[in-house]
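Tertiary structure, described
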Amino acid sequence: KNLSVLFQAAMPQIGSVPVVSGPGGREKTSAPRSRLGWRCCNRRTSTKVKFPEPPLILAGALGGPFVIFFLTPLRNALTLASQDAVSSAGELYKSVFASGFSAGWTGGLTVVIPSCPQFIVMGPLFHFLKAFTGSAAVAVPLCALAETFISYGSQTVNAQMAFNSEQELAGSGNEVEIWNPLIPFGPGSSFHVLRNIIALSGLRIFSGPCQASLKRFLGHMPALLQFVGDFLASMGAAACSAPLNQLYNFAVTSNAFLAANMVTKFELAEGFLSSQYFLHDASGAKVGLSPVLARDLGMRCAYVASLYAIFGAIERIFTSAWKLRAQ
């Protein structure tokens, strides 16, 4: 009996947390005093990060490659525009199909496989990072960097194949050496990252404010409101990212840029922007904007707005289908 009493008296002390008197004589558990204990308790009470749902993963893995391949002619026309400050948008689109209808998709297959993880980055990874960091503004540049790491090599090969195809047809002899698609960074990769940050911001950051401003007019049609909001936000981001996109296309299709050192590359990039998008007088001073800027903005908007709006629609279709399947 005495042993039983001693055992019961000792039990509360095993693994217990110190107890102190609170207001009114009530007892309360004191917090762990060590930093390690505080960190462990803090981790237990932290909010769990929610992983992307299966429909978002499927949309990225299946819908992404389809959209990228489908829009290859628009992308190839932009590549040709980076080396042509004379032709109109219509003439550039016509040049893409100069060798036949299938020629419009020159190099398109090179981006299909990488576009699968690329769109997982743009979709599921973005949703995960947004939940993990609590900020879309933080998730967007992280996703843009990952997107460049995955897609730079294949997109560079695509651009160079489209450019070389036109040069071979013209017999100019200005073809460039095809880049190794397994190398994730190279000439123009910094322009590629910045372009992706701005382009992805349209759908992931500015679409919400666009939809909020349109709610007064389209609030009774939620599906149309989302689509129009995505489209307008993507178009605005496309316009802002157009010079960077063309600078990247110029970098990977210019023999001079590919062979230059860092200082010369900077000078060539500055010269490209100046000659492509500004008018100059006889002394070389800038006197206004070139019509080429409007051409490139329009072509870039047509490509990016179509890409992100279609992908946003694919995400919603997969999500709706998944919910119907679960019912």
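Keep in mind it's a predicted model, so treat the numbers as computed, not measured.

1. Considering the overall build of the protein
Within the protein, the regular secondary structure consists of 12 helices and four strands. Expressed as a percentage of the 327 residues in the protein, the buried residues total 40%. Contacts in the protein between residues far apart in sequence, at least 24 positions, make up 71% of those at least 6 positions apart. Carbon and sulfur atoms make up 66% of the accessible area of the protein, which totals about 18,000 Å².

2. Quick word on the packing of aromatic side chains
The final tally for this structure, using the stated rule, is 12 aromatic pairs. Among the aromatic residues, those joined into a ring-pair cluster are Phe250, Phe257, Phe272 and Tyr277. Residue placement shows Lys286 over the ring face of Phe278; its charged tip is 5.6 Å from the ring centre. Just above the ring of Trp322 sits the side chain of Arg325; from NZ or CZ to the centre is 4.8 Å.

3. Some thoughts on the side chain of Lys265
Here Lys265 is to be found in helix α11 (residues 262-277). It turns out Lys265 is buried and unbridged, and the closest side chain with the opposite charge, Glu177, is 13 Å from it.

4. Some points on the pairing of strand β4 (residues 286-289)
In this structure, strand β3 (residues 278-280) lies alongside β4, joined through three bridges in antiparallel fashion. Opposite Phe278, over in β4, you have Leu289 as the bridge partner. Linking two consecutive strands that pair antiparallel, namely β3 and β4, is a turn of five residues; a positive phi of about 95° is found at Gly284 within it.

5. Concerning empty space enclosed by the protein
Under the counting rule described, the total for this entry stands at one cavity of 30 Å³ or more. What the largest cavity holds in volume is close to 250 Å³. Lining the largest cavity are 22 residues, and of these Arg75, Gln155, Arg195, Arg300 and Tyr303 sit closest to its centre. No other element matches the five residues that helix α12 (residues 291-326) contributes to the lining of the largest cavity. For the lining of the largest cavity, a count of residues per class yields 11 nonpolar, seven polar and four charged.

6. Brief notes about the environment of Asp281
Structurally, Asp281 is set in the loop between β3 and β4. Reaching out from Asp281, the side chain makes a polar contact with the backbone nitrogen of Ala285 at a distance of 2.9 Å.

7. Describing the layout of surface pockets
In this structure, the second largest pocket occupies an estimated 220 Å³ of space. Lining the second largest pocket are 13 residues; nearest its centre among them are Ser190, Phe191, Phe257, Met262 and Lys265. Listed by contribution, the elements that provide at least two residues to the lining of the second largest pocket are α8 (189-218) and α11. Looking at the lining of the second largest pocket element by element, the count peaks at six residues for α11. Looking at the lining of the second largest pocket, its residues break down into seven nonpolar, four polar and two charged.

8. A word on the confidence of the model for the protein
The share of residues in the protein with pLDDT of 70 or more is 84%, and the mean pLDDT across the chain is 84. Of all secondary-structure elements in the protein, the lowest mean pLDDT belongs to helix α2 (residues 35-45), at 43, while helix α4 (residues 72-81) reaches the highest, 96. Across residues 3-21 the pLDDT falls below 50, and counting only partners more than four positions away or on other chains, this stretch makes 12 contacts in the model. Low pLDDT (under 50) marks residues 28-47, which in the prediction has 12 contacts with non-local residues, meaning those over four places away or in another chain.

Calculation rules
Residues numbered from 1 in each chain as written. Predicted model: local features only at pLDDT ≥ 70, side-chain atom pairs only at ≥ 80, totals over all residues. Heavy atoms only, no water. Helix = DSSP H or I, 4+ residues; strand = E, 2+ residues; numbered from the N terminus. Buried < 20%, exposed > 50% of the residue type's maximum accessible area, 1.4 Å probe, protein only. Contact = heavy atoms within 4.5 Å. Areas by Shrake-Rupley, 256 points an atom, 1.4 Å probe, with all protein chains shown as cover. Phe/Tyr/Trp six-rings, centres within 6.5 Å; stacked < 30°, edge-to-face > 60°. Lys NZ or Arg CZ within 6 Å of the ring centre and 35° of its normal. Lys, Arg positive; Asp, Glu negative; His and termini not counted. Salt bridge = Lys/Arg side-chain N within 4 Å of Asp/Glu carboxyl O. Pairing = 2+ DSSP bridges. 1 Å grid on protein atoms, 1.4 Å probe; cavity = no way out; pocket = protein on both sides within 12 Å on 5 of 7 lines; lining within 4 Å. Points joined across faces, edges and corners; volume = space filled by probe spheres on them. Nonpolar A, V, L, I, M, F, W, Y, C, P; charged D, E, K, R; others polar. Polar contact = N/O pair within 3.5 Å; in protein donor to acceptor, adjacent residues only side chain to side chain. pLDDT = per-residue confidence, 0-100.

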